[in-house]
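The chain contents come next:
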Amino acid sequence: MAETRSTCCYCGVGCGVVIEHEAGRIVGVKGDAKHPANFGRLCTKGSTLHLSSAPETLIARALYPELRNDRGQARERVSWDVALDAAAERFAAIIAEHGPDAVAVYGAGQLLTEDYYVFNKLVKGLIGTNNLDTNSRLCMSSAVAGYKLSLGADAPPCSYEDIAHTGALFISGSNTAFAHPIAFRRVEDARKANPEMKLVVIDPRRTDTAEAADLHLALLPGTDIALYNAMLHVMLWEGWVDRGYIDAHTEGFDALKKAVREYTPSMAAAICGLERKAIEAAAQIFATSPATMSMYCQGLNQYSFGTHNNSALINLHLATGQIGRPGAGPFSLTGQPNAMGGREVGGLANLLSAHRDMANPQHRAEVAALWGVDEVPEKPGRSAVELFEGLQSGEVKAVWIACTNPAQSMPDQAMIHAALQKAEFVVVQEAFGHTETCAYADLLLPASTWGEKDGTVTNSERAISRVRAAVSAPGEARHDWAIVVDFARRLGIRLGKGELAARMFPYTTPEQIWNEHRESTRGRDLDITGLSYALLESAGPQQWPFPEGASQGKVRLYEDGVFPTPSGRARFVVTEHRITAESPSARYPLHLNTGRLRDQWHGMSRTGLVARLYSHEAEPLLHMHKDDMERRGLTGGDLVQVKSKRGAVVLKVMESATLRPGQTFLPMHWGGNTMGGQGVNVLLPRSFDPVSKQPELKHAAVQVARYTAGKALVAMRRSEPDADGRLQPNPLDVMDKLRRWLPHFPYASLTLSGRNSPVVVLKACAEEFPQAMLEALDRDLALDDPGQVLSYKDDRRGVTKRARVTGDTLSALRLAGETKGAEWLTEMVMQGHSVAAARPWLLAPLTQPPVAQTARGKVICNCFDVAEDDILAAFRSGESLESLQTRTRCGTNCGSCVPELKRLGQGVTH
């Protein structure tokens with residue numbers, strides 16, 4: 001077995017991984033003990049990466065180019081030459097008739113830096129439009145704009161090692177324990193080493209991160225600016241600001257000082273829904289700590305005033321001199337593995353290479369000279385929301401979507417789907433052919449993915465890491481950069497720029513692209529002219545800036561108090577409290593907050609292939625406070641309709657102690673591939689920040705009501721490994737077959753469960769289940785052979801049931817019209833319990849199993865498969881957490897479950 005060092009492809013922590021592979025297959029993954037981001041640790045998502053590359057996942061991959069010439073036709077397999085020629089002809093024709101702004105590219109923070117660079121050069125250099133945006137717009141553009149507005153450049157000043165040096169850590173708008181778990185392990189280590197360190201968490205929900213805090217400020221959604229302004233008010237009143245630092249290194253303080261005069265703690269307490277004393281305590285901790293660091297993510301960024309959210313927090317660092325030294329500074333946590341790399345090469349519609357400003361004529365001239373073109377367009381391109389609005393209006397005719405899934409991830413999904421339907425030509429460049437966006441592809445181009453790619457990424461702390469391929473891409477999949485280069489040359493010929501395109505895109509290796517990007521940074525704030533692939537391979541990840549002649553990169557920035565602004569001073573930004581894009585009203589009385597699950601990532605195109613990653617939260621659930629549930633007569637597991645001004649979804653509700661009354665929470669991962677309708681983002685507004693253009697994906701006003709229409713259906717199919725270890729049937733094949741039924745149901749949930757023997761689970765609700773539908777569904781589940789199944793039918797009541805027993809195991813099940821036994825039958829299928837004693841009762845309307853059967857509850861520790869019921873039983877018997885961990889190893893690997901383990905233990909104790 002061979003090993004290849006690379007990086008994880010999930011969050012922006014940028015963990016190093018060692019890929020184990022043999023015979024052209026990835027067979028395992030472990031943390032890279034030498035990588036400075038994680039020192040060998042991996043979260044549940046990273047530690048299961050090899051499972052998302054298992055042989056059965058090939059069915060989810062895009063393997064060959066596919067083209068259709070008419071929307072009413074299915075795509076057909078074509079050669080790469082036919083595919084790229086067709087794309088070049090369509091793009092060239094549209095550009096010739098409507099101009100370059102009639103086409104656009106929408107990419108992703110998962111592209112490698114080299115991929116990003118050639119896309120940027122293609123769009124802004126060869127085509128001549130700035131219509132290049134990425135899904136980084138949805139998560140990091142407010143952090144980018146906040147850094148530029150306050151500090152002069154998009155350059156996070158801190159490093160992970162600052163966590164160990166800080167005296168006070170403020171985590172704002174981030175459930176770091178779930179979204180960036182390896183970074184949170186460093187927080188736990190730092191607190192253990194320094195018991196005096198304070199942790200303050202600012203979040204509307206009492207998340208696992210908040211549970212660990214010394215002080216939790218559960219503010220109302222979107223009230224961060226009022227809080228930070230009030231904290232500065234207190235600092236001014238108490239004399240806790242650093243006048244020496246302010247005078248020497250900043251500008252604009254007097255205007256801000258005048259503005260925050262009005263933000264008394266009492267005023268802010270009323271706005272934020274907090275206690276005045278809690279605001280004062282937070283101000284004191286922030287200002288008087290020997291070193292204060294803040295970490296923040298989507299809870300600040302995803303608002304229509306996200307830029308000012310960022311600047312209001314940075315104001316506190318500047319006012320107290322808490323920046324540019326060990327353990328101090330504002331540190332944005334990047335949402336994707338290479339969103340930072342994309343920002344470095346100018347991979348957004350308003351950016352240019354190497355942190356150059358599109359509005360600056362000299363910067364545009366520098367990029368044009370580097371690329372060998374006459375000019376780079378001055379007009380900013382369309383940002384993410386604007387791009388799809390342009391498709392809907394017809395101003396944008398063609399779009400090239402790479403490595404992202406806007407038909408799941410964008411807000412206002414009804415508009416997104418309508419826009420993709422209206423577009424004249426949609427190219428989707430994807431590794432996974434089952435995403436919601438692929439359904440709209442006129443041309444599907446198969447791309448390589450994690451474990452198959454070669455290049456670089458940059459993580460949250462500005463550290464550049466090498467990504468190395470362990471295996472070849474399957475089928476005819478190509479690397480993203482290679483697809484772009486080939487297309488650019490063909491498009492250049494059709495635009496009458498063949499020679500120019502050949503000069504602009506001479507690349508045959510990713511290193512050639514990276515070397516050109518490296519040269520573009522010379523003399524810039526992110527200068528990496530001292531780096532090379534060889535150095536990254538021999539010395540490991542390196543932080544920028546790393547100019548030619550340097551021996552190492554900068555661990556932290558602005559230590560000299562000099563900032564990349566015209567005056568060399570950081571800028572205080574006057575920020576005023578604003579209300580969210582929509583506020584609760586009589587019709588829509590509840591706040592909806594969105595966020596992440598611990599074990600799923602973004603649109604689940606990869607994590608959704610791994611059964612065990614559903615174990616912690618098994619299906620789409622609305623989290624709700626018990627008081628709000630009682631007012632509506634709801635209990636856990638009831639179906640509810642969640643409705644906003646844009647659309648509605650039907651799903652189950654669960655009681656949650658993490659929320660205050662009047663608030664609800666939905667994980668952002670569930671899309672049209674896993675539930676009925678167009679997914680949770682159909683609820684969210686497309687309103688965006690005027691500076692950063694980042695949409696308000698974090699919040700909406702909604703109504704929640706019991707959903708009572710229809711009868712229930714539960715169906716499932718269990719898979720078992722054969723002699724060669726391959727799952728039979730392939731659970732992803734079963735999912736793909738069942739996915740076609742989701743649009744037929746007002747409520748539907750399609751997920752996986754189990755571990756080594758995955759189970760596909762479909763839950764649905766409808767007024768009626770037509771016989772033809774049930775017969776087709778039974779074929780999908782191998783329940784169509786009367787000689788192989790148990791069956792029950794009551795036409796008068798509209799109840800039909802079928803069960804298949806293989807050996808001594810219940811291997812398939814379908815209940816329609818009456819599902820009282822669904823819970824214990826599901827447990828029987830998942831656990832592979834013997835059906836011998838229960839066989840006569842399998843189709844009976846029993847709410848409890850007829851024979852004793854162990855129920856495990858949800859899995860808390862995914863690494864070692866330790867379930868909630870077993871943990872609670874251990875605590876009730878008097879076992880300590882330490883003893884439990886020694887016996888079961890739960891929480892001793894990635895540590896993601898440690899906060900929940902502690903909470904369960906405390907619950908039993910109290």
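The coordinates are above.
What counts, and at which threshold
Residues numbered from 1 in each chain as written. Predicted model: local features only at pLDDT ≥ 70, side-chain atom pairs only at ≥ 80, totals over all residues. Heavy atoms only, no water. Helix = DSSP H or I, 4+ residues; strand = E, 2+ residues; numbered from the N terminus. Buried < 20%, exposed > 50% of the residue type's maximum accessible area, 1.4 Å probe, protein only. Contact = heavy atoms within 4.5 Å. Areas by Shrake-Rupley, 256 points an atom, 1.4 Å probe, with all protein chains shown as cover. Lys, Arg positive; Asp, Glu negative; His and termini not counted. Charge placed at Lys NZ, Arg CZ, Asp CG, Glu CD. Polar contact = N/O pair within 3.5 Å; in protein donor to acceptor, adjacent residues only side chain to side chain. Pairing = 2+ DSSP bridges. Axes fitted to C-alpha atoms, helices over the stretch in contact; angles between N-to-C directions. Core = buried A, V, L, I, M, F, W, Y, C linked by side-chain atoms within 4.5 Å. Parallel < 35°, antiparallel > 145°, perpendicular 65-115°, else oblique. Left-handed = near helix turned anticlockwise from the far one by under 90°. Phe/Tyr/Trp six-rings, centres within 6.5 Å; stacked < 30°, edge-to-face > 60°. Lys NZ or Arg CZ within 6 Å of the ring centre and 35° of its normal. Salt bridge = Lys/Arg side-chain N within 4 Å of Asp/Glu carboxyl O. 1 Å grid on protein atoms, 1.4 Å probe; cavity = no way out; pocket = protein on both sides within 12 Å on 5 of 7 lines; lining within 4 Å. Points joined across faces, edges and corners; volume = space filled by probe spheres on them.

## Some thoughts on the overall build of the protein
Link 1 in the chain: Looking only at helices and strands, the protein features 30 helices and 38 strands.
Link 2 in the chain: Taken along its principal axes, the extent of the C-alpha atoms in the protein is 80 × 70 × 55 Å.
Link 3 in the chain: Across the 910 residues in the protein, those meeting the buried criterion constitute 64%.
Link 4 in the chain: Sequence-distant contacts in the protein: of pairs separated by 6 or more residues, those separated by 24 or more amount to 71%.
Link 5 in the chain: As presented, the protein carries roughly 31,500 Å² of accessible surface, and 48% of it is formed by carbon and sulfur atoms.
Link 6 in the chain: Of the side-chain charges in the protein, 98 are positive and 102 negative, and the distance between the mean point of each set is 2 Å.

## A short note on the side chain of histidine 35
Link 1 in the chain: Tracing the sequence through the fold places histidine 35 in the loop between strand S3 (25-31) and strand S4 (66-67).
Link 2 in the chain: The class for histidine 35 is buried, based on a relative accessible area of 4%.
Link 3 in the chain: Of the polar contacts made by the side chain of histidine 35, one reaches the side chain of serine 465; its length is 3.0 Å.

## Notes on the sheet that holds strand S1 (residues 2-7)
Link 1 in the chain: Across the sheet, three strands lie side by side as S1-S2-S3; this open sheet has antiparallel pairing. With partners counted over all chains shown, the strands left at the sheet margins are S1 and S3, one partner each. Strand-to-strand twist in this sheet, taken as the mean axis angle between neighbours without regard to direction, amounts to 30 degrees.
Link 2 in the chain: The pairing of S1 with strand S2 (residues 16-22) spans six bridges and is antiparallel. Bridge pairing in S2 links threonine 7 to glycine 16.

## What to know about the nonpolar core
Link 1 in the chain: Of all hydrophobic cores here, the largest spans 81 residues; its most connected members are Phe388, Leu622, Val642, Val704, Leu713 and Leu738.
Link 2 in the chain: It is helix H17 (residues 384-393) that provides the largest number of residues to this core, a total of five residues.
Link 3 in the chain: The residues touching valine 704, leaving out its near neighbours within four places in the chain, are Leu590, Leu622, Met624, Arg632, Leu634, Val640, Gln641 and Val642.
Link 4 in the chain: In this structure, Leu151, Tyr263, Leu531 and Tyr558 belong to the second largest nonpolar core, which totals 64 residues.

## Some words on the sheet that holds strand S23 (residues 590-595)
Link 1 in the chain: Taking strand neighbours around the barrel as the criterion, the six strands line up as S23-S27-S24-S26-S25-S28 in a closed arrangement whose pairing is mixed. Along the sheet, successive strands turn relative to each other by an average axial angle of 45 degrees, direction set aside.
Link 2 in the chain: Both S23 and strand S27 (residues 663-667) contribute to a ladder of five bridges, which runs parallel. When the sheet's bridge partners are listed, threonine 594 is paired in S27 with leucine 666.

## Section: the packing of helix H28 (residues 868-876) against helix H29 (residues 881-888)
Link 1 in the chain: Here H28 crosses H29 at 135 degrees, and the two axes come no closer than 10 Å. With respect to H29, the element H28 is oriented oblique. You can see that H28 and H29 cross each other, and the crossing is right-handed. Residues Ile871, Ala874 and Phe875 of H28 pack against Leu881, Leu884 and Arg887 of H29.

## A short note on the environment of alanine 447
Link 1 in the chain: Among the structural elements, alanine 447 can be located in the loop between strand S18 (443-446) and strand S19 (455-458).
Link 2 in the chain: On the accessibility criterion, alanine 447 (1% relative accessible area) is buried.
Link 3 in the chain: Between the alpha carbons of alanine 447 and arginine 612 there is a distance of 26 Å; along the sequence they are 165 residues apart.
Link 4 in the chain: Residues within four places of alanine 447 in sequence aside, it is in contact with Arg61, Gln429, Glu430, Ala431, Ala477, Arg478, Asp480 and Ile483.

## Digging into the environment of valine 759
Link 1 in the chain: Note that valine 759 resides in strand S33 (residues 759-766).
Link 2 in the chain: Sequence-distant contacts of valine 759, defined by excluding residues within four places in its chain, comprise Met716, Arg717, Arg718, Thr751, Leu752, Ser753, Val829 and Met830.

## A short note on the packing of aromatic side chains
The geometry of an aromatic ring pair comes down to the distance between the two centres and the angle between the two planes.
Link 1 in the chain: Overall, the coordinates contain 16 aromatic pairs when judged by the stated rule.
Link 2 in the chain: Here the aromatic rings of tyrosine 10 and tryptophan 601 are separated by 5.5 Å at their centres, their planes lie at 55 degrees, and the arrangement is tilted. Taken together, the positions of tyrosine 10 in the loop between S1 and S2 and tryptophan 601 in the loop between S23 and strand S24 (621-624) put the pair 591 residues apart, joining distant regions of the chain.
Link 3 in the chain: Ring centres of phenylalanine 745 and phenylalanine 769 lie 6.1 Å apart, and the angle between their planes is 65 degrees; on these two criteria the pair is classed as edge-to-face. With phenylalanine 745 in the loop between helix H25 (731-739) and strand S32 (747-753) and phenylalanine 769 in the loop between S33 and helix H26 (771-780), this residue pair connects regions lying 24 residues apart in the sequence.
Link 4 in the chain: With a relative accessible area of 4%, phenylalanine 745 lands in the buried category.
Link 5 in the chain: Grouped by ring-pair contacts, the aromatic residues Phe91, Trp400, Phe425 and Phe487 constitute a single cluster.
Link 6 in the chain: Cation over ring: arginine 61 sits above phenylalanine 432, and NZ or CZ is 5.7 Å from the ring centre.
Link 7 in the chain: The positively charged end of arginine 462 is found above the aromatic ring belonging to tryptophan 544, 5.7 Å away from the centroid.

## Description of the pattern of salt bridges
Link 1 in the chain: Summed over all chains, the structure comprises 59 salt bridges.
Link 2 in the chain: The salt bridge partner of lysine 30 is glutamate 3, with a shortest N-O separation of 2.9 Å. With lysine 30 in strand S3 and glutamate 3 in strand S1, this residue pair connects regions lying 27 residues apart in the sequence.
Link 3 in the chain: A residue is classified by how much of its surface remains accessible, and glutamate 3, at 47% relative accessible area, is partly exposed.
Link 4 in the chain: The closest approach of N and O atoms between aspartate 865 and arginine 755, which form a salt bridge, is 3.9 Å. Residue aspartate 865 is found in the loop between strand S37 (859-861) and strand S38 (866-867), and its partner arginine 755 is found in the loop between S32 and S33; the two are separated by 110 residues along the sequence.
Link 5 in the chain: Since its relative accessible area comes to 27%, aspartate 865 is described here as partly exposed.
Link 6 in the chain: Where salt bridges share partners, they join Asp81, Asp85, Glu89, Arg478, Asp486, Arg490 and Arg494 into one cluster.

## A closer look at empty space enclosed by the protein
Link 1 in the chain: The final tally for this structure, using the stated rule, is three cavities of 30 Å³ or more.
Link 2 in the chain: Along its surface, the second largest cavity is lined by Cys8, Tyr10, Cys11, Val13, Gly14, Cys15, Leu42, Cys43, Gly46, His180, Pro181 and Ile182.

## Focus: helix H19 (residues 413-422)
Link 1 in the chain: What H19 keeps buried is the set Gln413, Met415, Ile416, His417, Ala419 and Leu420.
Link 2 in the chain: On its buried face, H19 sits against H17, strand S16 (398-402), helix H18 (406-409) and strand S17 (425-430).

## Some thoughts on helix H3 (residues 141-151)
Link 1 in the chain: Here H3 lies mainly inside the structure; nine of its 11 residues are buried.
Link 2 in the chain: Among the residues making up H3, those that are buried are Ser141, Ser142, Ala143, Val144, Ala145, Gly146, Tyr147, Ser150 and Leu151.
Link 3 in the chain: Looking at the buried side of H3, the elements it contacts are strand S12 (292-296), helix H13 (298-301), helix H14 (306-320), strand S13 (329-332), helix H15 (339-344) and strand S22 (570-571).
Link 4 in the chain: At the C-terminal side of H3, glycine 152 shows a positive phi close to 100 degrees.

## Points about the environment of leucine 220
Link 1 in the chain: Following the sequence through the fold, leucine 220 ends up in the loop between strand S10 (215-217) and helix H8 (224-238).
Link 2 in the chain: Put simply, leucine 220 and isoleucine 271 are 51 residues apart on the chain and 7.8 Å apart in space, counted from C-alpha to C-alpha.
Link 3 in the chain: Ignoring sequence-local partners within four residues, the contact set of leucine 220 consists of Ile271, Cys272, Gly273, Arg660 and Gln663.

## Notes on the pairing of strand S8 (residues 168-172)
Link 1 in the chain: In terms of residue burial, S8 counts as a mostly covered element, since five of its five residues are buried.
Link 2 in the chain: Every second residue of S8 is oriented toward a common face, with Ala168, Phe170 and Ser172 on one face and Leu169 and Ile171 on the other, all of them buried.
Link 3 in the chain: In this sheet, strand S9 (residues 198-202) lies alongside S8 in parallel orientation, the contact comprising five bridges. Residue pairing for S9: phenylalanine 170 is matched across the bridge by valine 200.
Link 4 in the chain: Relative to S12, S8 is paired through five bridges, and the arrangement is parallel. Looking across to S12, one finds that alanine 168 is bridged to threonine 292.

## So, the side chain of arginine 185
Link 1 in the chain: Take arginine 185: it is sitting in helix H6 (residues 181-193).
Link 2 in the chain: Ignoring anything within four residues of it in the chain, the contact list for arginine 185 reads Arg41, Cys894, Gly895, Ser896 and Pro899.

Taken by themselves, the reported measurements are silent on function.
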